[in-house]
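Examination of the molecular architecture
In case you want the letters, here they are:
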Amino acid sequence: MIEIKEIKEEHDWHPEGILAQVPFQQAFWYGEMQSKREREVRRFEMILEGEVRMCVQFVAYPLISGKKYWYAAYGPIIKNADVHLLKCIEKECRALLAAPDVVFVRLDFSPPISLEFLSDAKKIFHKASNASSSGSYFQPRSEWYTDISGSAEEILAAMHQKTRYSVRYAEKKGVKAEVISGSDLLSHLPAFLDIMKDTAKRNGFSLHDDGYYKCFFEAVAERGNGFIVAAMHGEDLLASHCIAIEGAVAHYVFGASSDKHKELCAPYLAHYMGMLEAKKRGALEYNFGGISEEGAVPHFEGITAFKKKFGGHAFLHGGYFDIVVQPFWYYLYVLRKFLKSFV
């Protein structure tokens, strides 16, 4: 027996009952943040034989000609995946979300579908191409996690020797790392956006629109689950890192650094101070965010090498699976993304 519940209120949303560490993209507050940006958000819970086996939060994103797609970032959150569950998810998502303006539904399972059922998943869903998965809306396939459960000295000791030196060097040269939270977050937003745009241009990655960052800052300020670490040298902002805490994980969601005084190693100090502040707030792990494993994203190789200097391990996500609602529009979207990858 299958039962589907659409969840409207936060007190009814419990993905942590399935997965201990829920990605913040599947947290209720993240959906509310997207709603404030006037995006459609829908949440569902699937019960099979009296047991909750799936929780999923979808956000709708626009396409050309008034079309859209639904995307569950690091969702659905599933328990004991098997062929029956996957077939139920495909059937119910199609029934609940397919509409004249919907081109496809994109799933990003947490935890990833095991190798045992991967071939079945490829028959039930459409495996998304790499080209169709690029862009600022989609989440990275690999992230870098560092343990921050130990003391400040133990956190520092886990880093590469040169990284420890860089942290201390920044302090010695007068770089000050300030933690900004609460209502003060919004006052820091203009400076953050300026340095963020410079960083994106320098490293070749795409950004959200300014409104996204504003809504994100407002959400974590209101909830009290996030902060900024601003590394300053005199009046110069050299690095600005936005951290959001969900459960026992501190997520480095956005980060930027200046071209000024790169020799002062400000980002190293900003990360270290971010780890200490996150630990103080109850986090046990620090998620540096996306990395490029085995050169999968060439322009991320420098960023990847930087993150790995802090010690830790890779956290691998699975591939995207799509439920194609309108084949013509779907393959037009895929073709457009493929051609854009060469520009």
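The following paragraphs examine the structure supplied in this document. (Residues numbered from 1 in each chain as written. Predicted model: local features only at pLDDT ≥ 70, side-chain atom pairs only at ≥ 80, totals over all residues. Heavy atoms only, no water.)

Observations regarding the pairing of strand S12 (residues 249-257)
What counts is decided by this rule: Each residue gets one of three labels from its accessible area relative to the maximum for its type: buried under 20%, exposed over 50%, partly exposed in between, using a 1.4 Å probe on protein chains only. Each helix is a run of DSSP H or I of at least 4 residues and each strand a run of E of at least 2, with the numbering of both proceeding from the N terminus. In this description, strands pair whenever DSSP reports at least two bridges between them. A clockwise course of the path from the first strand over the helix to the second, judged with the strands pointing away from the viewer, identifies a crossover as right-handed.
In terms of burial, S12 is largely enclosed, as eight of its nine residues are buried. Note that strand S11 (residues 236-246) and S12 share eight bridges and pair antiparallel. Paired with Glu246 across the strands is Val249, a residue of S12. From the end of S11 to the start of S12, which pair antiparallel, there are two residues, and Gly247 there has a positive phi angle of about 65°. For the crossover from S12 across helix H8 (residues 266-280) to strand S13 (residues 285-290), the handedness is right-handed.

A closer look at the side chain of Ser166
Selection rule: In protein, a polar contact means a hydrogen-donor-capable atom and an acceptor-capable atom, both N or O and within 3.5 Å, with residues adjacent in sequence counting only if both atoms are side-chain atoms; elsewhere, any N or O pair within 3.5 Å suffices.
Counting through the fold element by element, Ser166 comes out in helix H5 (residues 161-172). For Ser166, the side chain forms a polar contact with the main-chain oxygen of Lys162, separated by 2.9 Å.

Section: the packing of helix H2 (residues 83-97) against helix H3 (residues 115-124)
Quick reminder of the rule: In this analysis, axes come from line fits to C-alpha atoms, helices being fitted only over the stretch in contact, and the angle between any two N-to-C directions falls in the range 0 to 180 degrees. The labels follow the angle: roughly parallel below 35 degrees, roughly antiparallel above 145, roughly perpendicular from 65 to 115, and oblique for the rest. Handedness of each helix crossing follows the sense of rotation of the near helix against the far helix: counterclockwise by less than a right angle gives left-handed, clockwise gives right-handed. Contacts: residue pairs with any heavy atoms within 4.5 Å of one another. Residues are grouped as follows: nonpolar covers Ala, Val, Leu, Ile, Met, Phe, Trp, Tyr, Cys and Pro; charged covers Asp, Glu, Lys and Arg; every other residue, Gly included, is treated as polar.
The interhelical angle for the contact between H2 and H3, taken along N-to-C directions, is 20°, at an axis separation of 10 Å. Considering their axes alone, H2 and H3 lie roughly parallel with respect to each other. Once H2 is placed against H3, the crossing between them reads as right-handed. Contacts between H2 and H3 involve Val83, Leu86, Lys87 and Glu90 on the former and, on the latter, Phe117, Asp120, Ala121 and Ile124. Here the residues of the contact of H2 with H3 are counted per class, giving five nonpolar, no polar and three charged.

Concerning the packing of aromatic side chains
What counts here: Stacked, edge-to-face and tilted labels apply to pairs of Phe, Tyr and Trp rings (six-membered ring for Trp) whose centres lie within 6.5 Å, assigned for plane angles under 30 degrees, over 60, and everything in between, in that order.
As enumerated under the stated definition, the model contains 35 aromatic pairs in all. Judged by centre distance (4.7 Å) and plane angle (5°), the ring pair of Tyr69 and Phe104 falls under stacked. With Tyr69 in strand S4 (residues 68-71) and Phe104 in strand S6 (residues 102-107), the pair connects residues that are 35 residues apart, well separated along the chain. In this pair, the class of Tyr69 matches that of Phe104, namely buried. When the centroid spacing of 5.1 Å and the interplanar angle of 75° are considered together, the rings of Phe216 and Phe254 count as edge-to-face. Of this pair, Phe216 sits in helix H7 (residues 210-223) while Phe254 is found in strand S12, placing the two residues 38 residues apart along the sequence. Overall, Phe216 belongs to the buried group, its relative accessible area being 0%.

A word on unusual backbone geometry
Across the junction of Gly75 and Pro76, the peptide omega takes the value 5°, indicating a cis bond. Here Pro76 lies in the loop between S4 and strand S5 (77-78). With an omega of -10°, the peptide bond between Ser110 and Pro111 qualifies as cis. Along the chain, the position of Pro111 falls in the loop between S6 and H3. Its identity is not glycine, yet Glu38 carries a phi of approximately 65°, on the positive side. You can see Glu38 is positioned in the loop between helix H1 (28-36) and strand S2 (41-48). Its identity as a non-glycine residue notwithstanding, Cys265 has a phi of 60°, on the positive side. Mapped onto the fold, Cys265 is located in the loop between S12 and H8. For Cys265, a relative accessible area of 15% gives the class buried.

Some remarks on helix H9 (residues 301-308)
Every α-helical turn comprises 3.6 residues, leaving residues that sit three or four positions apart pointing alike. Rule in force here: The arc in question is the one traced by the directions running from the helix axis out to the C-beta atoms.
Residues of H9 that are buried: Ile303, Thr304, Phe306 and Lys307. Projected down its long axis, H9 shows its buried positions confined to an angular sector of 160°, all on one face.

Describing the environment of Ser206
Within the fold, Ser206 resides in the loop between helix H6 (184-203) and H7. For Ser206, a relative accessible area of 46% puts it in the partly exposed group. For Ser206 and Gly312, which are 106 residues apart along the polypeptide, the C-alpha to C-alpha distance reads 26 Å.

Considerations on the pattern of salt bridges
We apply this condition: Salt bridge, as used here: a side-chain nitrogen of Lys or Arg that lies within 4 Å of a carboxyl oxygen of Asp or Glu.
Counting across every chain of the model gives 19 salt bridges. Arg168 is the partner of Glu171 in a salt bridge, and the nearest nitrogen-oxygen pair spans 3.0 Å. Of this pair, Glu171 and Arg168 both sit in helix H5, separated by three residues, roughly a single helical turn. One salt-bridge network, in which partners are shared between bridges, spans Glu6, Lys8 and Arg42.

Some words on the environment of Arg53
By the secondary structure assignment, Arg53 is in strand S3 (residues 51-62). Residues Arg53 and Leu85, spaced 32 residues apart in sequence, show a C-alpha to C-alpha distance of 7.8 Å. Excluding residues that lie within four positions of it along the chain, Arg53 makes contacts with Ile18, Met46, Leu48, Ile77, Ile78, Lys79, Asn80, Asp82 and Leu85. From its side chain, Arg53 meets the backbone oxygen of Asn80 in a polar contact 2.5 Å long.

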